[in-house]
Structures are given as C-alpha cells and as structure tokens.
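# Fold and geometry: a report
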Amino acid sequence: MIKQAKELLQQYYGFSSFRPGQEEAISHVLERKNTLAVMPTGGGKSLCYQIPGLTLPGTAIIISPLISLMKDQVDALLSYGVAATYINSSLSSEEQRNRIQDMENGRYSFVYVAPERFDSPAFMTAIQGIQLALIAFDEAHCISQWGHDFRPSYRSIVSTLQKVPNLPVLMALTATATQEVIRDIKQLIEVDDEAVVNTGFARENLSFRIMKGRDKREFVTEYLESRPQEAGIIYTATRKDADQLQSFLSKKGYAAGKYHAGMSEDQRKKVQTDFVQDEITTIIATNAFGMGIDKSNVRYVIHYSMPMNIESYYQEAGRAGRDGEPGDCVLLFSSQDINLQRFLIDQSPSEEKKKEEYAKLQAMVNYCHTHTCLQKFILEYFDDPVPPEPCGKCSNCMHAGEERDMTKEAQMVLSCVKRMGGKFGAGLTAKVLRGSSDQKVRQFRFQDLSTYGILSRYTEKELTRFIHFLTAEGYLTPGQGRYPALQLTKDSLSVLKNETSVVMLVEATTTKQETNYNLE
Ligand code: ADP
Ligand code: ZN
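Residues numbered from 1 in each chain as written. Chains lettered and ligands numbered in written order. Predicted model: local features only at pLDDT ≥ 70, side-chain atom pairs only at ≥ 80, totals over all residues.

Around ligand 1 lies a shell of 13 residues, among which Phe15, Gly43, Gly44, Lys45 and Ser46 are the nearest. For the shell around ligand 1, the per-class residue count stands at four nonpolar, seven polar and two charged. (Near = placed C-beta within 6 Å. Nonpolar A, V, L, I, M, F, W, Y, C, P; charged D, E, K, R; others polar.)

So, about the environment of Val220. Along the polypeptide, Val220 turns up in helix H9 (residues 216-226). Overall, the presence of 24 C-beta atoms within 10 Å leaves Val220 in the buried class. Sequence separation of Val220 and Ile302 is 82 residues, and the distance between their C-alpha atoms is 8.4 Å. (Helix = DSSP H or I, 4+ residues; strand = E, 2+ residues; numbered from the N terminus. Buried ≥ 20, exposed ≤ 12 C-beta atoms within 10 Å, placed from the backbone.)

Judged by how many residues are buried, strand S13 (residues 327-333) sits mostly within the fold: seven of seven residues are covered. The sheet contact formed by strand S8 (residues 206-212) and S13 spans seven bridges and is parallel. Note on S13: the bridge partner recorded for Lys212 is Phe333. As paired strands, strand S12 (residues 298-303) and S13 are joined by four bridges and run parallel to one another. Paired with Ile302 across the strands is Val330, a residue of S13. The handedness of the S12 to S13 crossover, carried by helix H12 (residues 310-317), is right-handed. (Pairing = 2+ DSSP bridges. Right-handed = clockwise from strand over helix to strand, strands pointing away.)

What follows covers the packing of helix H17 (residues 426-434) against helix H19 (residues 460-472). Two numbers describe how H17 lies on H19: the axes approach to 9 Å, and their chain directions differ by 125 degrees. Accordingly, the angle class assigned to the pair H17 and H19 is oblique. Considering the relative orientation of H17 and H19, their crossing is right-handed. On H19, the residues that touch Ala426, Gly427, Thr429, Ala430, Lys431, Leu433 and Arg434 of H17 are Glu460, Leu463, Thr464, Ile467 and His468. Here the contact of H17 with H19 is composed, by residue class, of five nonpolar, four polar and three charged. (Axes fitted to C-alpha atoms, helices over the stretch in contact; angles between N-to-C directions. Parallel < 35°, antiparallel > 145°, perpendicular 65-115°, else oblique. Left-handed = near helix turned anticlockwise from the far one by under 90°. Contact = placed C-beta atoms within 7 Å.)

We now examine helix H10 (residues 239-251). Helix length check: H10, at 13 residues, gives a terminal C-alpha distance of 18 Å against a target of 18 Å (1.5 Å per residue), a fit within 8%. On the buried face of H10, the contacting elements are strand S10 (257-259) and strand S11 (282-285). Once H10 ends, the next one or two residues include Gly253, with phi positive near 95 degrees. (Expected span 1.5 Å × (residues − 1).)

Our next topic: the sheet that holds strand S5 (residues 132-137). The parallel open sheet is built from seven strands, whose spatial order is S3-S4-S2-S5-S6-S1-S7. Because the sheet does not close on itself, it has two edges, and the strands there are strand S3 (84-87) and strand S7 (196-198). Mean inter-strand twist for the sheet, computed between neighbouring axes without regard to direction, equals 15 degrees. In this sheet, strand S4 (residues 110-113) lies alongside S3 in parallel orientation, the contact comprising four bridges. Bridging across to S4, Tyr86 finds its partner in Tyr112. The sheet contacts of helix H3 (residues 45-55) involve strand S1 (35-38), strand S2 (59-63), S4, S5 and strand S6 (169-174), and relative to S5 the element is tilted by about 165 degrees. Together, S1, S6 and S7 form the strand contacts of helix H8 (residues 179-188), whose direction differs from that of S1 by roughly 160 degrees.

What is shown is where atoms sit, not what they do.
Listed below in structure tokens is the structure:
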C-alpha cells in the first residue's frame, strides 16, 4: 500500500520523495492505526491525510478550526482532479444541505468541516450513513486544554464520535505540541506510542534574533529599508500599536497593510488577499492574523513586542520561510512588554489558568534573557526529542562577545535574594545591590543588609538585566504568582558553594546594531 502512496505522491502532486515523517505517518494510517503527526509548519502535514484519503475507500473528513484555509485546501484538491468540498458557516444553509446530500451520495473523497459541524444532527446522520475513509483532526493542539489555543467544541467531538458505529481510523496533526499536549491527544484519540510521528520542531532555515534597548520604530524603519522587496509580517501586541505603527510607516512612505480584529471582515479579507498575492509586502498585525494564511515566501517576522508565551511566538515566527528558504525572526523586547502580557493574563477568570499562563510567560521572558542558542532554547522548551546543537546563526550564537566569569557577582546577587526573604522581584533586588536610597528599600530596612550596595559599581539597569539572566539560566526562580518573587533554586545553591561557575557573554564593544549585555 505504501508503494501505491508513493505513486500517488508523484501522480497527484508531482513530488518524487516524501518529507521526514510523511511516509511513516501515512503507513500507520493505511494500517488503520490512529496516528498523531507532529511536524513543523510547512512540513507537509496535508499530504499525510490526503494520501491515505485517496488510498482508503470512502470519504475522508478533515476537521479544521481554520475556516479561511478550507477553501484553499479544497481548491488545491480540485485542481488535482480530486472530488472535495467544505461545509461551514460561510455557506448558505441551502448550500450546506446540498453538500451534505452530495456527501451522502458518496460524491466526495474529502470533506472539510469546522468542529461545530459535529453538533449538527443532519451532518451526524449523514456521516453514519456513508463509508468513511478516515477522520483527521488538523491543528489538533486545539483539542487539548494544555494547548495554547484550546477550543472546547473541538475536544467534545471525540465523545460525539464514540457513538458513531462506522468510526474509521483517526488522525491528529499539529505543528505545536508540547509533551503535555502530545500525551493528552494520544489519550483522547487513542494513539499508541509507536503511532506518534514527531519530526521535531527544528526549523533550520529560521534565524532568531532578540533586540533590546532599541528604538522600535527606528529599528523597523531601517529594517524595511534594507529589505524593500521582501514579504514580511510585523506582529504587535495590541490593535492600537498596529494602528499607530502603520500610520507612522505610511507617513514615512512605506505602504504596509494592517490586520486586526477591529477591522471589518471585508477590510481584512482585502489586506490578506493583497498580501498573499504580493500586492503589499509588509503587513502589520495582531495575533488575529496568520492562522490559516497560506503564504510560503514570507521572509521575515518581526515581533514588535514580546508575545505571551513561546508556543504563540514560535507559531507566529514560524510563518517565515515556509518554502524552506531563509526566514528572519526578530523579537523587539522591552521590559514594559511583560506588564502588558501580565495585564492580559489577568483578564482570565480562572485562577488555575492564570497560574499556568504566568509560568508560560516566565518562560517567554527567559527566552528574551538567555545567552544560550535561541533555537536550542525553543527546542528544549518543547522537550524536542532531537538533542539540538547550537544553530550558529541566532543572535546569541552570533554574539561577538567575550565570556566573562561572573560567579562572584552571581553569588552576591543570590545571597542578597536570600536575605530579602524571597518576596521581591528583580527591580527591588537591583536597587538593594546598587545601594539605592529608594523609599521601598527603606520601608523594608534593606539598607541594613550586608549585601546592600555590594554591587554599586553597576547601574541599576545592568543589575536588573543580570538578575534576569540568572533567572533565564535557572539560578533563580520568580515563583508562581502574578508578581515575580525571586527565590533560590537547586542550581543557585551550587553556585553559592562554588561548585558551579557562572559564565556570561559580555560584549566587548557595543555596536548600534546589537545592544545586549554590557555590564561595565
Ligand atoms: P503544513 O500543513 O505542515 O504547514 P503543507 O501541507 O501546507 O504544510 O505543506 C507545505 C508545502 O510543502 C506545500 O507547498 C506542499 O506542497 C509542500 N510539500 C509537502 N510535501 C512535500 C514533499 N514530499 N515534497 C515536496 N514538497 C512537499
Ligand atoms: Zn543559535
């Protein structure tokens, strides 16, 4: 059967070989084993269900939360001569009824639907009356509450399906699944260990960069100037930022498009089409943009401020370079970004959820402060199975700095944190180390600590950064609540006992391009 799959690959798509993981995933499905495929964006997930769908008798149902993508997928299949359709709320009810009827008459090899469709009795009756080839859950991380984009209606499909007597093989596909999410999906749709195909998250064509202490507008202007013909996305944290940045850039003569949920559907559609068809090269958008944008030649993704977690960041940044050509991913960090994200997390009504989101936010903050390879940091965050080597091209790998032993300074910071009782964040700790006469320092009588003013040769800003660095490297933990309350870790004890030394990259000369850690 897998031989037939190869022929189909050639015949329908014109590709001569499979990409990593495709053949394995396809052969599991063909053996009718429920399968989970975790592949990076652009890894070729569609083929993993399309080829079995073409091979197995009956109709394949593809569930996708991305209504905007369905039409494209269906059009692509139609262009290969495959009978496919989609049924979703963008159609009139009459059209929906017609398509369901055609489905019942066995007209389609592929039917794309949104999760809500399973709440429709007509649809449920229809699928029970036909032969089903397979049911695929695209963007399967949305079925897990551990995922960053949980949709309860998506998860509930699984229990609905249990009542279907002619249930076919199930398949789940996603580009973003932490080990937790993988475990959850496996359990939910009953996937055996050996039917999990995880090609890892590594996107070798992407280079990651973090910029700190830069004027963001100036950076963006210079960046756009240096890449006039290239397509790219600039993500802002709020609609207001998107509006302001766009009007700033258009005054400077850059014709950048804009996309956020505050715009009308028509406006959004137009911008999206213009972007996909290369009418405009740059788009300034909130995170409303991107889910379901099929544009492979995006050359850069700039985050105008830090997103809420690494899951979202990697998904958004990963929209660069889907064609396998180089993609540049820049994150413009400023410490105010953290407050904004905290504020957004606070809107959640669930205490448990908030705690989880704070922890994820902290990992994101750590990413912005780490000195290890950024690509490696991300892969480790996702517990990626492949032990990653430094990428050699992220801003940390490229950092032209010198290694400096900061063990003594680290010990001073750690003992200060210990003496302050584990209740305060980086800001106040830096003030104490610096020897500031700030009112809050006096209020808690920290001027009496033996560590007061012990690092006064550094500026407060440098000390704050150093504390963030120590946190990113695991020598301090910010605790679990809304406000970071620095505490010691197992690793900090070995630093205090002189068993571990703390080495930090310090820039020899600060260039305008990259303002990083400049401790002296
Ligand atoms: P994903 O859904 O994983 O992001 P897609 O299924 O959209 O990725 O595939 C991304 C691109 O890779 C598409 O343009 C697709 O045609 C191409 N592609 C998929 N599989 C192969 C293959 N085996 N050989 C060459 N190109 C492929
Ligand atoms: Zn690197």
